[in-house]
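# Working through the structure, step by step
Each chain is listed here by its residues.
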Amino acid sequence: MTTSEWLKKYNIKLKKSLGQNFLTVRSIAEEIVTKSLVTFEDTVIEIGSGIGILTEELAKRAKNVISFEIDERLKPLLIEKLKNYDNIELIFKDFLKADLSQIRDYKKLKYVANIPYYISSPILEKILKESPNFDYAVLMFQKEFGGRMIAQAGKAYSPLSIFVQTYYDVDKIMDVSKTNFVPIPKVDSVVLKLTPNHKNLEELDPDKFMKFIHQCFSNRRKTLKNNLKSIISNPETLLKEIGLNELVRPEVVPIETYIKMYKRLEG
Ligand code: SAM
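Small disclaimer: the values here were computed from a predicted structure and weren't measured.

### A short note on the domain arrangement of the chain
The parts lose accessible area when they come together, and the size of an interface is often stated as this lost area. Domain boundaries in the chain define domain 1 (3-202) and domain 2 (206-266). Between domain 1 and domain 2, the contact holds 16 residues from the first and 16 residues from the second. Buried surface at the junction of domain 1 and domain 2, both sides included, amounts to about 1,200 Å², of which 70% is carbon and sulfur. For the domain 1 face of the interface with domain 2, the top three residues by lost area are Tyr157, Pro159 and Ile162, together amounting to 43%. For lysine 129, the salt bridge is made with aspartate 207, and the minimal N-O distance between the two is 2.8 Å. Applying the counting criterion to the domain 1 and domain 2 interface returns six residue pairs in polar contact (both at pLDDT 80 or more). Counting residues per element, the ones that place at least two in the side of domain 1 that touches domain 2 are α5 (120-130), α7 (159-167) and α8 (198-203).

### Describing the packing of aromatic side chains
Applying the stated rule across the entire model yields 11 aromatic pairs. For the ring pair phenylalanine 163 and tyrosine 167, a centre distance of 5.6 Å and an interplane angle of 50 degrees mean the geometry is tilted. Of this pair, phenylalanine 163 and tyrosine 167 both sit in helix α7, four residues apart, roughly one helical turn. For the pair formed by phenylalanine 163 and tyrosine 167, the shared burial category is buried. Within the aromatic cluster, the residues linked to one another by ring pairs are Phe163, Tyr167, Phe209, Phe212 and Tyr262. A cation over an aromatic ring shows up here: lysine 126 above the ring of phenylalanine 95, its NZ or CZ 5.8 Å from the ring centre. Looking at lysine 193, its charged tip hangs above the ring of tyrosine 136, at a distance of 4.1 Å from the centre.

What counts, and where the lines are drawn
- Residues numbered from 1 in each chain as written.
- Predicted model: local features only at pLDDT ≥ 70, side-chain atom pairs only at ≥ 80, totals over all residues.
- Heavy atoms only, no water.
- Domains from an automatic or database assignment.
- Contact = heavy atoms within 4.5 Å.
- Buried area = accessible area lost by both parts, 1.4 Å probe.
- Salt bridge = Lys/Arg side-chain N within 4 Å of Asp/Glu carboxyl O.
- Polar contact = N/O pair within 3.5 Å; in protein donor to acceptor, adjacent residues only side chain to side chain.
- Helix = DSSP H or I, 4+ residues; strand = E, 2+ residues; numbered from the N terminus.
- Phe/Tyr/Trp six-rings, centres within 6.5 Å; stacked < 30°, edge-to-face > 60°.
- Buried < 20%, exposed > 50% of the residue type's maximum accessible area, 1.4 Å probe, protein only.
- Lys NZ or Arg CZ within 6 Å of the ring centre and 35° of its normal.

Spelled out as structure tokens, the structure:
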């Protein structure tokens, strides 16, 4: 049965507010799982089961799949569709409110998901801060959002780029055209692999470091010096020590320089 036929059978109308754009092409789900290098030793967490198209492909290759879905209307459909698999645990809960420390059997843990796009940033923060140790996360994002995640200093560069690239090593896995979803969204998607950068996680507290970065970007049209005035009394001295021009704008400063500035301030 196709995705649309499953939805029709259970009389489910998709909700835009929950980011419900479901994959319709099984081969794309297969490709994502293949490229995620999931093995029979892995426990995989999925965020957003939908009608289980990716869940099923994951279950064929992983030891266990733990799949979160907020929309309880999908429960009977998922139970029927996935009835032949005994290695899937469906959790009908808001992933953002889930207690991830309760997850057991995570000797080798990965995240693989076509996530609800409206909570992309909170998901990235939650798995970084609350998840048990995981190898990496292979997640699908809106293409434009993915572009901002991997942007280097320049126009698309933002606190999001700095957060992602400081705490994760990022690799592009594949592009996915919007025509592979129902309903067809306005934009294409991209699948990225995010591997936690443990060194930076140990050295830079994400909440404090990101508070500093947001202050640096508080007004993009102002100079970095002006933005820094809200947190330090003599930004000129700091900029000089770091080797930055006083007229520099926040979006042209590379990540390593922000890390250096933050460490100096912390010190
Ligand atoms: N994985 C499916 C697929 O590829 O077809 C569905 C992807 S769809 C983009 C995102 C799914 O996440 C939807 O089923 C939606 O109901 C679910 N969702 C939305 N917000 C959620 C949340 N806070 N926690 C868990 N699931 C959520």
